[in-house]
Amino acid sequence: MNIMDFNVKKLAADAGTFLSRAVQFTEEKLGQAEKTELDAHLENLLSKAECTKIWTEKIMKQTEVLLQPNPNARIEEFVYEKLDRKAPSRVNNPELLGQYMIDAGTEFGPGTAYGNALIKCGETQKRIGTADRELIQTAALNFLTPLRNFIEGDYKTIAKERKLLQNKRLDLDAAKTRLKKAKTAETKSSQLNSARLEGDNMIWAEEVTKSEQEVRITQSEFDRQAEITRLLLEGISSTHAHHLRCLNDFVEAQMTYYAQCYQYMLDLQKQLGSFPSNYLCNNNHNAGTPMPSALPNVIGSSAMASTSGLVITSPNISDLKESSGSRKARVLYDYDAANSTELSLLADEVITVFSIIGMDSDWLMGERGNQKGKVPITYLELLN
């Protein structure tokens, strides 16, 4: 047999089957043909699968919006994913803000109260940005990927088998319709009871036999496909159980992220809350603000005021500046030296401080063993 002839015959047979299904489907919609109903259990499974697919898509898309609010970035990541290429790493918003704060603090001077506070805030923002990046990666791996795998994998298989079941049902109902028509024609032919129509009776009898055989075949194929579809659909319960575990992983990732953010901000608040920010001695004196005539020697024992959660003090170390002696001082919180002329400090340690004529009013010379360098006075509490 010529291959081309075989392809033409197969194409004609497929076209005939498609036309038969289309006619059957149209007549069912118009109420002109009977429809084989699926059993209640299978219908419930189909409904459950469809509901799972719809809500999984909605949850997945909204989670993507939550993790990446920028729609352009989401489109870019989608394109790279479809191209099976890794998306370029980009700085997120907290990291960018943190870098701006650090750069500004460095520009204003790490030894100034505002500059140092900006650096501390910037470092915290960058830690939050890192935590945000880790949340996105964890959620994408443990939550979004399983949901997407269901939509693009398991449910596509279910939809394919469901479509095949629909075609098998249409074939079965079309065969039943042809059988019904053949039996009706046979009955009418036999009622005429004439020798002239005896040949027609035999033809319709053969048509009934052929239609009955076709119904048996299509019924068997339909039952087999219904069983295959049912087995796949019963796996939806396992899918729900798997997605529940993924949901727990997502909640745990969020819990870790928010706990990290809370701890970072709590630490920052403590640093800023104990920050003796001296607005009167921050490089430039505030115009119109009189300098107190007499203040205690001990930093931190002056009048305290709270502004936006910051504790503000105004220390006066004029007695130390005017003398050539040295004093012990307790470090209030950590300080990282900006260059070799400064001395790094650790909170709660005690160092020796003294003044040098001509030194900036914001600084003292600090000494710890053989180490010596400039230290900001706002980080110190002079001891008696």
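If you're wondering where the values come from, they're calculated on a predicted model, not measured in any experiment.

*Asks:* What exactly am I supposed to notice about the overall build of the protein here?
*Replies:* Counting its regular elements, the protein contains eight helices and seven strands. Within the protein, buried positions represent 34% of all 384 residues. Counting only contacts in the protein whose residues sit at least 6 apart along the sequence, the fraction spanning at least 24 positions is 68%.

*Asks:* When you look at the sheet that holds strand β6 (residues 371-376) in this model, what are you seeing that I'm missing?
*Replies:* Think of a sheet as strands paired side by side through backbone hydrogen bonds, with each pair either parallel or antiparallel. Reading across from one edge, β6-β5-β4-β3-β7 is the order of the five strands in this open sheet, with antiparallel pairing throughout. Lying at the two open borders of the sheet, with one neighbouring strand each, are β6 and β7 (380-382). Strand-to-strand twist across the sheet, computed as the mean angle between neighbouring axes with direction ignored, equals 40°. Here strand β3 (residues 326-331) pairs with strand β4 (residues 350-354) via five bridges, running antiparallel. Residue pairing for β4: serine 326 is matched across the bridge by phenylalanine 354.

*Asks:* What's the story with a nonpolar patch on the surface in this structure? I'm lost.
*Replies:* Where nonpolar side chains cluster on the molecular surface, the patch consists of Ile54, Trp55 and Ile59 and spans about 290 Å² of accessible area. Secondary-structure assignment places tryptophan 55 in helix α2 (residues 40-67). On the basis of relative accessible area, tryptophan 55 is assigned to the partly exposed category, the value being 49%.

*Asks:* Would you take a moment to explain the pattern of salt bridges for this structure?
*Replies:* Any two side chains of opposite charge can pair, given that their charged atoms come close. Using the criterion set out here, one finds 14 salt bridges in the structure. Ionic pairing is found between aspartate 173 and arginine 169, a salt bridge with its closest N-O pair at 2.6 Å. Of this pair, aspartate 173 and arginine 169 both sit in helix α5 (residues 113-192), four residues apart, which is roughly one turn of that helix. Comparing aspartate 173 with arginine 169 shows no difference in burial state: the two are buried. The shortest N-O distance in the salt bridge between arginine 178 and glutamate 214 comes to 2.3 Å. In this pair, arginine 178 sits in helix α5 while glutamate 214 sits in helix α6 (residues 198-233), placing the two residues 36 residues apart along the sequence. When salt bridges that share partners are traced, they join Glu227, Arg230 and Glu234 into one network.

*Asks:* What is the right way to look at the pairing of strand β5 (residues 363-368) in this model?
*Replies:* Side chains on a regular strand alternate between the two faces of the sheet. The sheet contact formed by β4 and β5 spans three bridges and is antiparallel. Bridge pairing links valine 353 to glycine 366 in β5. Pairing of β5 with β6, which is carried by six bridges, proceeds in the antiparallel orientation. Counterpart to methionine 365 in the pairing with β6 is lysine 374. Connecting the antiparallel pair β5 and β6 is a turn made up of two residues, with glycine 369 showing a positive phi of about 60°.

*Asks:* Help me out: how do you make sense of the environment of threonine 352 in this one?
*Replies:* On the secondary structure map, threonine 352 appears in strand β4. On the basis of relative accessibility, which here comes to 15%, the residue threonine 352 falls in the buried class. Here the alpha-carbon distance between threonine 352 and methionine 365, two residues 13 residues apart in the chain, equals 8.3 Å. Other than its neighbours up to four places away in sequence, threonine 352 contacts Ser326, Arg327, Lys328, Met365, Gly366 and Glu367. Looking at threonine 352, its side chain comes within polar contact range of the side chain of lysine 328, at 2.9 Å.

Conventions we followed
Residues numbered from 1 in each chain as written. Predicted model: local features only at pLDDT ≥ 70, side-chain atom pairs only at ≥ 80, totals over all residues. Heavy atoms only, no water. Helix = DSSP H or I, 4+ residues; strand = E, 2+ residues; numbered from the N terminus. Buried < 20%, exposed > 50% of the residue type's maximum accessible area, 1.4 Å probe, protein only. Contact = heavy atoms within 4.5 Å. Pairing = 2+ DSSP bridges. Axes fitted to C-alpha atoms, helices over the stretch in contact; angles between N-to-C directions. Patch = residues over 30% accessible without salt bridge, like charges linked within 9 Å, V, L, I, M, F, W, Y side chains within 5 Å. Areas by Shrake-Rupley, 256 points an atom, 1.4 Å probe, with all protein chains shown as cover. Salt bridge = Lys/Arg side-chain N within 4 Å of Asp/Glu carboxyl O. Polar contact = N/O pair within 3.5 Å; in protein donor to acceptor, adjacent residues only side chain to side chain.

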